Every structure is written in structure tokens, then in C-alpha cells.
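Descriptive structure summary
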Amino acid sequence: MTRAAGLDRLAAFLAGAGADYAACRNTDRGPGRAPTTSALSPYLRRRLITEAEVAAAAENAFGDGGAEKFVSEVFWRTYFKGHLETHPSAWTDYHARVACDRERLAAEPGLRRTYAMAVEGRTGIDGFDDWARDLVDTGWLHNHARMWFASIWIFTLRLPWALGAAFFMDHLVDGDPASNTLSWRWVAGLHTRGKHYVARAENIRRYTEGRFDPVGLDEEPDALDEAMPPREVPLPRAETVPAGDIALLLHLDDLHPESLPLGDSRVVRVGGLLVHAPGASERVRAADAEAMADALQRSAAQFGCEAGPVEAGWSGDRPVVTAWAPVGPSADALPEDCIRVRRAWDETAWPRSTRGYSRLRSVIPAVLTA
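1. A word on the environment of Gly82
- Structurally, Gly82 is set in helix 4 (residues 51-86).
- In sequence terms Gly82 and Asn143 are 61 residues apart; their C-alpha atoms lie 20 Å from each other.
- Those residues in contact with Gly82 that sit more than four places away from it in its chain are Trp350 and Ser353.

2. Observations regarding the state of the cysteines
- Using the criterion set out here, one finds zero disulfides in the structure.
- Left unpaired, Cys338 is separated from the closest cysteine sulfur, that of Cys305, by 17 Å.
- The class of Cys338 is buried, set by a relative accessible area of 6%.

3. Looking at the pattern of salt bridges
- Within the structure shown, the criterion is met by 29 salt bridges.
- Between Asp245 and Arg318 there is a salt bridge, with its nearest N and O atoms 3.7 Å apart. Of this pair, Asp245 sits in strand 1 (residues 244-250) while Arg318 sits in the loop between strand 3 (306-310) and strand 4 (320-323), and the two are 73 residues apart along the sequence.
- Taking the relative accessible area as the measure of exposure, Asp245 reaches 27% and is therefore partly exposed.
- On the basis of relative accessible area, Arg318 is assigned to the partly exposed category, the value being 32%.
- Residue Glu258 pairs with Arg298 through a salt bridge whose shortest N-O separation is 2.8 Å. Of this pair, Glu258 sits in the loop between strand 1 and strand 2 (265-273) while Arg298 sits in helix 12 (residues 282-303), placing them 40 residues apart in sequence.
- A relative accessible area of 26% means that Glu258 is categorised as partly exposed.

4. So, the pairing of strand 4
- The alternating pattern of strand 4 places Val320 and Thr322 on one face and Val321 and Ala323 on the opposite face, and all of these are buried.
- Summarising the sheet, strand 1 and strand 4 pair through three bridges and their orientation is parallel. Bridged to Leu249 within strand 4 is Thr322.
- Pairing of strand 4 with strand 5 (residues 339-341), which is carried by three bridges, proceeds in the parallel orientation. Looking at strand 5, one finds that Val321 is bridged to Ile339.

5. As for the pairing of strand 2
- Pairing analysis gives seven bridges linking strand 1 to strand 2, with the strands arranged parallel. From the neighbouring strand, Gly244 faces strand 2, where its bridge partner is Ser265.
- Pairing between strand 2 and strand 3: five bridges, direction parallel. If you follow Gly272 over to strand 3, its bridge partner there is Pro309.
- Remark: the strand 2/helix 12/strand 3 crossover connection has right-handed handedness.

Parameters and conventions
- Residues numbered from 1 in each chain as written.
- Predicted model: local features only at pLDDT ≥ 70, side-chain atom pairs only at ≥ 80, totals over all residues.
- Heavy atoms only, no water.
- Helix = DSSP H or I, 4+ residues; strand = E, 2+ residues; numbered from the N terminus.
- Contact = heavy atoms within 4.5 Å.
- Disulfide = S-S within 2.5 Å.
- Buried < 20%, exposed > 50% of the residue type's maximum accessible area, 1.4 Å probe, protein only.
- Salt bridge = Lys/Arg side-chain N within 4 Å of Asp/Glu carboxyl O.
- Pairing = 2+ DSSP bridges.
- Right-handed = clockwise from strand over helix to strand, strands pointing away.

Any link to function would need more than the numbers given here.
Written out as C-alpha cells, the structure reads:
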């Protein structure tokens with residue numbers, strides 16, 4: 001999990017599946033077949049490569065029209081981050097629900113059995129069981145399969161959505177607090193209230209090219225509801241980097257320090273704060289550690305200074321500056337007195353991400369210019 005590997009993956013996508021992305025992106029052909037998506041999300045999740053450079057590369061390769069659908073999908077990741085940043089209670093509520101639902105697992109044998117069958121791929125539902133095993137075995141699922149899986153989990157198996165979101169976060173190598181939490185809420189009908197995603201057998205047959213033909217799905221469920229949707233709060237203001245010597249603190253949400261807006265400062269020390277998602281699998285932890293080691297190595301070469309791992313609460317005799325960490329584990333672990341700076345991409349896009357995605361989509365050209 002390195003920046004070089006992400007750039008290689010981007011080049012392979014642009015030379016291959018990228019040309020047919022708009023037409024084929026919903027098709028899940030399965031392991032060993034020609035890919036239909038970019039598979040860049042593990043690198044974007046950690047910002048080993050940035051959304052800005054991926055969008056620019058796609059537009060250079062395919063032109064504005066040819067890249068439009070792919071660039072729009074890249075912006076969904078940005079949208080979810082901006083939305084969670086302005087609705088942080090969706091994240092704290094998710095964690096509270098996971099804790100409550102795990103207490104239910106301990107107390108309700110029927111729920112416990114259904115949950116175990118689901119995460120072990122023993123439900124008997126064609127496709128679903130394969131995806132459950134693939135997730136654990138590989139740390140990856142096609143995006144369309146993630147939607148089908150979440151819908152079946154919630155509406156056919158009647159399992160708590162937060163436990164499904166936690167199962168994904170435990171195993172997805174690209175597990176992102178915002179994208180994962182809000183995608184599960186969207187499937188359930190909570191993100192866009194009353195508008196849920198329903199997995200249908202015909203759709204699964206079509207977009208798996210006949211590999212899977214599930215029966216017994218609930219295709220007419222009601223959306224979930226909640227008494228109090230997450231409340232919008234103002235977007236916190238970013239800070240200005242001071243001139244002079246600084247210590248730069250890296251975290252898993254932004255591992256491309258070479259492009260950070262650091263102004264007239266001079267980086268004299270770099271620390272890497274490695275905070276995994278709670279419950280993360282060994283595969284996810286290994287990917288996190290490799291990505292951080294790569295970023296620290298690049299930082300030492302870029303800034304010509306010491307760079308190494310640090311613990312939470314790291315400080316020193318220089319101002320500590322860090323890239324803005326969106327709502328999630330890294331943000332929770334950052335030192336209180338560190339100076340948080342935001343990229344122009346986020347600064348432009350996040351204020352347009354407070355409601356539905358269409359508001360951000362309408363200003364994509366402005367964000368790309370910024």
C-alpha cells in the first residue's frame with residue numbers, strides 16, 4: 001500500500017477499464033475477470049494519491065465528457081467526508097448503535113445465529129454468502145456488491161445496519177469512516193430520509209452476468225426511520241500555518257505531505273500517528289502500517305529531516321501542523337493544540353456537501369478549478 005502502487009493502479013485504469021467506466025462500472029464480473037472499476041479507493045482513502053490528481057489524470061486521458069462519470073464518482077467520497085464533517089453525530093450515533101447492537105447479540109440467541117450465518121457466509125442466499133467470504137478473505141468488494149450486501153443484510157435478514165457497517169469497517173482495506181457510515185445509512189433510507197436501496201434478484205443476475213441468482217429477497221421493504229436525524233453543525237474553520245520551523249504530523253487520512261499547503265513554513269521534523277479503526281483486521285492494519293511507512297520515507301526525502309512513528313499527544317518545541325483529519329479515528333487522536341490545515345479541494349467542496357449530493361455535483365467544475 002504505497003503511493004507508487006497507487007500511481008501504477010491509476011495508470012492501469014486509465015489505459016484499460018477507464019475508457020468503458022461509464023457503461024461497465026455497475027457490473028461485478030468477479031475475481032479473475034477484467035475489472036470494471038478503478039480499485040483506487042484504498043489509496044484515496046489514505047490520500048496516498050489525491051482526488052485532485054486522479055480527477056486531473058482522468059480528464060487529461062478522456063477529456064471533460066469522457067471523464068465526467070468517473071470524476072463524479074470520485075466526488076462522492078469527497079461529499080461523504082464533507083457531510084459527516086457537518087453532521088458528526090452520525091458518527092457518534094453509529095458507534096453507540098454498534099455497542100447497543102452487540103449487547104443485543106449477547107442477549108438474543110436468534111439474532112446471534114442470524115448474525116453469525118451472515119458474517120460467515122452461511123445464509124444460503126446466492127451471492128450474499130460469496131460476498132461475505134470474499135470480504136473477509138480479500139478485504140475488498142465491488143461497490144455494487146456492497147450495496148446489494150447492505151440491502152440484503154438490512155431488509156431480508158433484518159440485521160441491525162450498524163453491525164453491518166462495523167463488519168465492513170473491520171475488513172475493507174479501503175474502509176473509510178464517512179463513506180462507509182453514510183453509505184450504510186443511505187441504503188437503509190436514513191441518509192436521504194425515506195429513500196432506501198433495495199437489492200433485487202433481477203438486478204443482481206444482470207450485473208453479475210448471471211453468476212448469482214438469489215431467491216427469497218424482500219424486494220418491497222419499508223425504509224428504516226429514526227426519531228432524530230443527525231443535526232447539521234457549522235464546518236469548523238481551518239487554521240493558518242505559521243512561518244518558520246514546524247513539526248509535521250501525518251495521519252492515515254492524508255499521506256501525501258508533498259502537496260500540503262504549508263506556506264512559508266519549514267518542516268524540521270515529521271511524525272506519523274498510526275490510528276487504526278477499532279476492530280480492524282490484520283489485513284487492514286498491515287495496509288495502514290505500510291502506507292504510513294511509505295509516507296514517512298517520502299517525507300524524509302522531501303523535507304530532509306527526521307521522520308518516524310509517534311504516539312498520540314506528540315509535541316515538541318516547534319508548532320505541530322497536520323493535514324485536516326475528517327471525522328473518524330485519526331481526528332479523535334490528534335493532539336488538541338495541533339494546527340490543522342485544509343486542502344483547497346476540501347475547502348471548496350465541503351461547504352457544498354451539507355445536504356444532498358446534487359448540490360456538490362453542480363459545482364464540480366469550480367472545485368476542479370480551485
